[in-house]
Each structure stands twice: as C-alpha cells, then as structure tokens.
Amino acid sequence: MKTSVIGFPRIGRNRELKFTSEKYFAGKIGEAELLTEGRAQRAFNIKVQKDSGIDLISSNDFSFYDNVLDTAFLFNVIPERYKELGLSVIDTYFAAARGYQGDKGNVKALAMKKWFNTNYHYIVPEIDDSTKIALTGTKPVDEYLEAKELGADTKVLLIGPFTFLKLCRFTGEKGISDFKDALTNEYIALIGKLEEKGCKLVQFDEPYLVRDLDKEDIALFEEIYNKILGKKGSVKVLLQTYFGDIRDIYEKIISLDFDLIGIDLVEGRKSLDLIRKYGFPEDKILVAGLINGKNIWRNDYSKTYEKLEILKGSVSEDRIIVGTSCSLLHVPYTLGSETKLTEDYKKHFSFAEEKLTELKEIASGDEAALNANKEIFKNRIDVLDNDVKERVNAIKKEDYTRLPSFEEREKIQKERLGLPLFPTTTIGSFPQTDDVRKNRKDYRSGLITKEQYIGFNEKKIAECIRLQEELGLDVLVHGEFERNDMVEYFGEHLSGYVFTEKAWVLSYGTRCVKPPIIWGDVSRKEAITVRWSVFAQSCTNKPVKGMLTGPVTILNWSFPREDISLHESTLQIALAIRDEVLDLEKNGIKIIQIDEAALREKLPLRKSDWYSEYLDWAIPAFRLVHSGVAPDTQIHTHMCYSEFTDIIPAIDSMDADVITFEASRSDLLILDALKENNFKTEVGPGVYDIHSPRVPSVEELVSVLTKIRTKTEDKKLWVNPDCGLKTRGITETKASLNNLVEAAKIIRGQ
Ligand code: GLN
Ligand code: ZN
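All values reported here derive from a predicted model rather than from experimental measurement.

Topic: the overall build of the protein
- Each helix and strand counted, the protein has 28 helices and 23 strands in total.
- Rg of the C-alpha trace for the protein: 26 Å, near the compact-globule value of 27 Å for 750 residues, within the 12% margin.
- Over its C-alpha atoms, taken along the principal directions, the protein stretches across nearly 75 × 60 × 50 Å.
- A buried classification covers 61% of the 750 residues belonging to the protein.
- With the model as given, the accessible surface of the protein reaches about 28,300 Å², and the carbon-plus-sulfur share is 50%.
- Averaging the positions of the 106 positive and the 120 negative side-chain charges in the protein gives two centres separated by 2 Å.

Digging into the coordination of the zinc ion (ligand 2)
- Every protein donor of the zinc ion (ligand 2) is listed here as His638 (NE2), Cys640 (SG) and Cys723 (SG), and their distances to the metal cover 2.1 to 2.3 Å.
- Expressed as a motif, the donor residue spacing for the zinc ion (ligand 2) is H-x1-C-x82-C. Comparing His638 with Cys640, the two get one shared label, buried.

Side note on the side chain of Gln203
- Looking at the secondary structure, you find Gln203 in strand β10 (residues 201-205).
- Separated by 3.5 Å, the side chains of Gln203 and Ser58 make a polar contact.
- Ignoring sequence-local partners within four residues, the contact set of Gln203 consists of Val5, Ile6, Ser58, Lys155, Val156, Leu157, Leu158, Leu238 and Gln240.

Notes on the packing of aromatic side chains
- Taken as a whole, this structure holds 33 aromatic pairs when the rule is applied.
- Where Tyr453 meets Trp532, the ring centres are 6.2 Å apart and the plane angle is 85 degrees; that geometry is what we call edge-to-face. Highlighted residues: Tyr453 in helix α19 (residues 450-471) and Trp532 in helix α21 (residues 530-538), separated in sequence by 79 residues. By the burial criterion, Tyr453 is buried, and Trp532 matches it.
- Looking at Arg98, its charged tip hangs above the ring of Phe25, at a distance of 3.6 Å from the centre.

So, the site of ligand 1
- Neighbouring ligand 1 are Ile427, Gly428, Ser429, Glu480, Met486, Met547, Asp595, Ala597, His638, Cys640, Cys723 and Gly724.
- Between ligand 1 and the protein, one listed contact pairs a nitrogen atom with a side-chain N or O atom of Asp595 at 2.6 Å.
- Surface burial for ligand 1 is 92%, taken as the share of its 300 Å² of free accessible area covered by protein chains.
- Its residues assigned to classes, the shell around ligand 1 shows 6 nonpolar, 4 polar and 2 charged.

Here's the deal with α19
- Over its 22 residues, α19 runs 31 Å from end to end, which matches the ideal 32 Å to within 8%, given 1.5 Å per residue.
- Here α19 has its buried residues at Tyr453, Ile454, Phe456, Asn457, Lys460, Ile461, Cys464, Ile465, Leu467, Gln468 and Leu471.
- Residue Gly472 follows α19 closely and has a positive phi angle near 90 degrees.

Side note on empty space enclosed by the protein
- Under the counting rule described, the total for this entry stands at 6 cavities of 30 Å³ or more.
- Every residue lining the largest cavity is counted, 17 residues in all, and those nearest its centre are Asn67, Asp205, Tyr242, Ser327 and Leu329.
- Breaking the lining of the largest cavity down by element, the ones donating at least two residues are α3 (67-74) and β8 (155-159).

Focus: the sheet that holds strand β1 (residues 2-4)
- Pairing in this open sheet of 8 strands is parallel, and the strands run β1-β14-β13-β12-β11-β10-β8-β2 from one edge to the other. Looking at strand neighbours, the two that pair on one side only are β1 and β2 (58-59), the edges of this open sheet.
- As paired elements, strand β13 (residues 285-291) and strand β14 (residues 320-324) share 5 bridges and run parallel to each other. For Gly289, the partnering residue across the bridge sits in β14 and is Gly323.
- Each of β8 and β10 is contacted by helix α8 (residues 176-196), which is oriented at about 165 degrees to β8, the strand it contacts most.

Focus: the pairing of strand β18 (residues 517-524)
- Taken across its 8 residues, β18 has 6 buried, putting it largely inside the fold.
- Pairing between strand β15 (residues 494-498) and β18: 4 bridges, direction antiparallel. Following the sheet pairing, Tyr497 is matched in β18 by Ile518.

Details of the pattern of salt bridges
- The final tally for this structure, using the stated rule, is 61 salt bridges.
- Ionic pairing is found between Glu317 and Lys312, a salt bridge with its closest N-O pair at 3.2 Å.
- Here Arg483 ties to Glu482 by a salt bridge, and the two come within 2.9 Å at their closest N and O atoms. In this pair, the class of Arg483 matches that of Glu482, namely buried.

Cut-offs used in this document
- Residues numbered from 1 in each chain as written.
- Chains lettered and ligands numbered in written order.
- Predicted model: local features only at pLDDT ≥ 70, side-chain atom pairs only at ≥ 80, totals over all residues.
- Heavy atoms only, no water.
- Helix = DSSP H or I, 4+ residues; strand = E, 2+ residues; numbered from the N terminus.
- Rg over C-alpha atoms; globule rule 2.2 N^0.38 Å.
- Buried < 20%, exposed > 50% of the residue type's maximum accessible area, 1.4 Å probe, protein only.
- Areas by Shrake-Rupley, 256 points an atom, 1.4 Å probe, with all protein chains shown as cover.
- Lys, Arg positive; Asp, Glu negative; His and termini not counted.
- Charge placed at Lys NZ, Arg CZ, Asp CG, Glu CD.
- Donors = N, O, S within 2.8 Å, 3.2 Å for Na, K, Ca; no water.
- Polar contact = N/O pair within 3.5 Å; in protein donor to acceptor, adjacent residues only side chain to side chain.
- Contact = heavy atoms within 4.5 Å.
- Phe/Tyr/Trp six-rings, centres within 6.5 Å; stacked < 30°, edge-to-face > 60°.
- Lys NZ or Arg CZ within 6 Å of the ring centre and 35° of its normal.
- Near = heavy atom within 4 Å.
- Nonpolar A, V, L, I, M, F, W, Y, C, P; charged D, E, K, R; others polar.
- Expected span 1.5 Å × (residues − 1).
- 1 Å grid on protein atoms, 1.4 Å probe; cavity = no way out; pocket = protein on both sides within 12 Å on 5 of 7 lines; lining within 4 Å.
- Points joined across faces, edges and corners; volume = space filled by probe spheres on them.
- Pairing = 2+ DSSP bridges.
- Axes fitted to C-alpha atoms, helices over the stretch in contact; angles between N-to-C directions.
- Salt bridge = Lys/Arg side-chain N within 4 Å of Asp/Glu carboxyl O.

Put into structure tokens, the structure is as follows:
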C-alpha cells in the first residue's frame, strides 16, 4: 500500500522558525533572512518525508503564522485597516496576526480561536461587506514549484472553501451566501494555475465536516464542490477530513466526483461503520487515517491490522492508502532529540518522524516489524499505583459539591476581603525575562544550588509584589517565575508523568508548548506552590492569589494515556490538585485561582456528545478540586481563547466564585450570553489582549469597561487583562497595567 501524510510540523526540529521569526519581529533581521529560514524548513521537511519513502507528501502545509490566515491572504480577505497601514505584504500579514503599533498606525490583531479540538489556534478571517474575494496570492503555487525543484511532486494542501467560509467572521450585513460563488471561482482559478505548473493532486482539508451539519451545510458543500470538481481538469482532488467521522455527510460525499477521500479512523468513532454500511465507491481511493496525528504513543500494529482487515471488506487493498489521522502538526518532531528518556519509555513513543516509519511499516505489512511491534506492547513499567486507584474509588457524590451556596459565600467573601468595586487583578504570570529563564535553567543543569534558585525567585516575587502595589492593583499574584509552563510545572511535581526535552508542539503563530506525558497513575508527592504563595503573601497586606492549574487543563495539555479513560485520569489529577488547594488555604492564602484555560479543548466537536462524553465528568472533576475549602476562601478560575457562549451553564456550574476570561479579541460577544444565562459567577472579562505588545490607552480601556458595564452587574465585575503576562515585555506590561488601574479608578469615580 502507499502512504500519505496530511501535513508536517513546520516550526523546525529545534524551533528554528520561531527564533528567526522573533528576530524579525524585533527588527534584528530583515525580510530576506526570514524568507530564507522558511525555505530551509520546508526543504528539510520535504527531505525527511522523501527519505522515509512517503508517497503523498504535502506542500503548502508551511506557514509563517497560520494556514487559515494564509488562505485569507491568498484570496484577498484582508480587512482594510491592515491594508491602510501601507506595510509590505508580509508585514501586513503579521499586522493582522499580531496587531500593529508603530509610526504607520495602531490596530489590534484579528481574533484567534482554537483549531477544532486541538491546542493549535488559528486566526479568524474577517469578511465585511466591501470584501472583494480575489486570488491575489501565489503561496500554494510557489511552494508546489519549490518542492518540485527539490525532487518531490507534492500534493498541494489547501484549506477547503467550505471550512474556510465556516470559520470566517462576517462583520457586515452579508454572509456566506454572498461570497460563496466568488470564493469557489477563485479556488477553481487556483486549481487552474496549479495545473499549469504540473500539479497532479490537490488536497482539500475540510475538517469542518466532522461537526454537526444541517441540510444547508450539506447543500452548501455540495454546491461548492460540484462546481470545483466539474472544473478540476487533469488535477485529481483528495477530500481530506479529520478530527472525527463525517456521519452527517458521508453518503453525499461518496456520490461526488472526488478522486480520493481521506477518513479519520482514529478519532472518527463511526468511520469504520460508515464505510461498512454505505460502502466505498470503486472509482475512488481511500486515504485511511490510521496513525494518530495527535498523540505520541507508538501505534499498535496488531490493532491497526485488525482495522485494515475490516476495511478490506469494503475497499480493495489496491485502493487503500495508509495515512495519518490528521496533520502531524499536533505532535513533536522527533524522538531523536530526546537524550534523557530511557529506552524503557522511549520505545512506547512515536513523534512525527517516527510516525513516518510506522506508516511505511504498516503499508508494507512487514512481518518482522509487526513482531517487533508486538514485543513493545508486552510490558510497560511504572504504570500502576494502588493507593491512587483506591482513592479514586472512594470519591463520594458529596465530594463534588461545595457548600454553602454561591450567594452565601459571596457575602462572606466580600466582607473578609474588603475589595473596592471593580477590583483589579492579573491572570497570574508576569514577564518571563531572560534572567528568570536563566535561573530555572541553571538550577536544572546544576549550575546553582537550590538555595540560590529559591533566593532569586523570592527576590523576583518581592519585586513583582512591589510593582503591583505601586501600580495599585487590588488582588496580587506572585508572578509564576518558577514555572516554565502552567501544565509542565505541575506535571513535574506529580508522580506518574514523564517529560521530554524537545517535544515542542505549535500552539499559535510561532509559539510552542511542550506537553508532558501522562505515563501512569498520578499523585502529588509534596506541596507544589505553597512556598511561593506564602512568601508572596508575606511581602504585602493585600491579598495574594494562589495560582494553580486545574485538572481538566492539565489533562488536556498533556499527552494522555490511552490505556485508561480520560475521566479516570482527570479524577486522579483532581485529587492531587485538591490537596494543593487545601494546603494553600491552610497556609493563609485567601484567594486561589484554578486555571482551566483548556476546558473547552476536548469538548466533542458534535453538540450531541458534549455532555454525555465530556462535560458530565469534566465539570465535576473541577468541583472536586475546590469543594473542600471554607466559605470565606475565594475560588477563581480562568479560561481563554475559545468560544464559551454555548457552554455557559456548564461554566457556571463549575461553581467558582470568580472567573476571568479572554474577551477583548472577540469583541465582548460573550457578555451578552452571560446575561442571557443569568450567569451567577463574578466575572473579569479581559479588557485588553496580552498576545500583542500593543499598550491600550486609558480612554480605550474606559470605553471597553463602559461597554462591559452595560451588560454586567457592577458588583460582579472585575478588571483584568485577558491572560497571563509571561510572554510580554516588562515595559509594555507596566504601561498597560498602569492604564488598566487608571481606567478602573475612572469607572469607580462614575
Ligand atoms: N495563570 C496563567 C498565567 O497567567 C494562565 C495562563 C493561561 O491561561 N494560558 O500565565
Ligand atoms: Zn489565559
């Protein structure tokens, strides 16, 4: 059988693209150097895949920031406010991605959203009534030709028109129906250009198809593709789906003139059934997504062969191509970079490059490879912990409920804390300057002693507290200088985790995260954050918030186990964090924030599965963490970068006392939904975007707050940025927070 890869990670084995981009953003290098780095990364990826013998390799899976934004720029979906800056094409692109503040103007970035159920974030394209869709870009053609020069006749990856339209935000009167024809025509024009250059296969990524689709969606899809497929000429078209099954549209799709169809057989629970039930047409080729593009565990060949056997009942072997379940963008580059993990662990993992080998081995049906694979699955060390199991089994129904009621607690807490109206706070982290990173690194590598490490952090905390007092913030934080990452840090202090050195995965733009791996049963060995919070509190009379990461986020931002359920893993983590909450409280911390930034991440893409498959256990797991605290301890939570409007009742039932969340980039739409749902939890809608270096002015913040006040009760309103400040510089942080406190004072005055 042949092999196909949907897309490959693009940031570089050692995050080269990230470092080069950052130099470019800082003005240290010019455009030419940045473009050269991009070319080098693309060439490297082509070579790795070619050397592995992959048959269908994608071009145009590269991006300097985001593929959805690339698609928008390809078709001239560029809001005027970015064009008006009069910047170069690439800087206009970066202005839309990151915002721009400089001598040419001052504009915010476009909104950013989670890419389906992953931790990758895409930029939301904006279409207004004056948008003229036109094929103005050449990126797919250029990258096709570039790969060809390197000896690879690639398939060209394009985000499909259906998914693209569904992800766009329409800001005027017009909607999808007003733009679909123009967009379809421009896609056809693009296929024509690709054909001219010798391109033989185009891959349309249409992940939106795994969502719930209604009649109109299906009609829209059919209309667009009937046109495209009617004009595809000699180019073959692969419809690539991923992140689930396409149960609402499978029958329709197999009746259309696609040449190849890519189906996710890992996350798509019903994919096999669909193929069995409705068959698979003889004139088409199936790209069977059998290798998990999201998780890092080695593929179990025996199980994969079982699936293949079933498939062969409906599709002849010569029409099956072995593929990845989704783009490999969501896994790290290579195990080859891991020097510390022993073979006992490593042999159970497979990153992007290793997955190429898996594809080849499965496709070849190699007997020796199958046997070697079977051996690996025979033993896994250090997995089970009976105490953990017993503790999970002993959880009672009452343990999921905090008493007394929210209303009673609210009164008690207001009295104890004595905060002003519109209390100001931040989300937790302060800028992670070079000295902060160096301190952690030096400690890790044994260059400094534990005392030196702690001493430095305490000095930083004391400075951070002083800064916040000077700025006049009301609820302070310690700054999170001990943390590399909000999940990895906790993972490191819990047993049951293993860690990597270089297993970076793209989160947004050029930012990566390094998710730890849940290897076995999880428990807390000792107090984790208490010493930092207690020290911070000793520096001030104002309340300092303890800062923890919640169990659902820890789970969702780790690579999870596949041998027990996500629910069971989450409960194990919840019990560990619960112990930490109680320790903080016992040590005099009056406010504890439990971040659930990634709560929505594993929300099933189909609404009908939301509660039964996820929220029904995820929300109680969060409650289990804080249900043991006294009524006067205030529990905060924080969420960011995803749509909440449709799960507001679930969020309210997390039963936190205060929630801060991202709102500034999505124009406060969420507030209407809170009002409609009678949201009881106090709220801190982020008043400015921290993912951009731009400093919001006092007037701007006052106007945001004024708008917020029309939708939220004053007594429930907090004032804060929309996320942690760790990626920001110190100067802009001071300036922004200063303006934030100023704005809160002005509003209080009113
Ligand atoms: N407390 C964390 C911080 O401030 C929250 C980060 C996040 O939501 N992603 O960095
Ligand atoms: Zn956040």
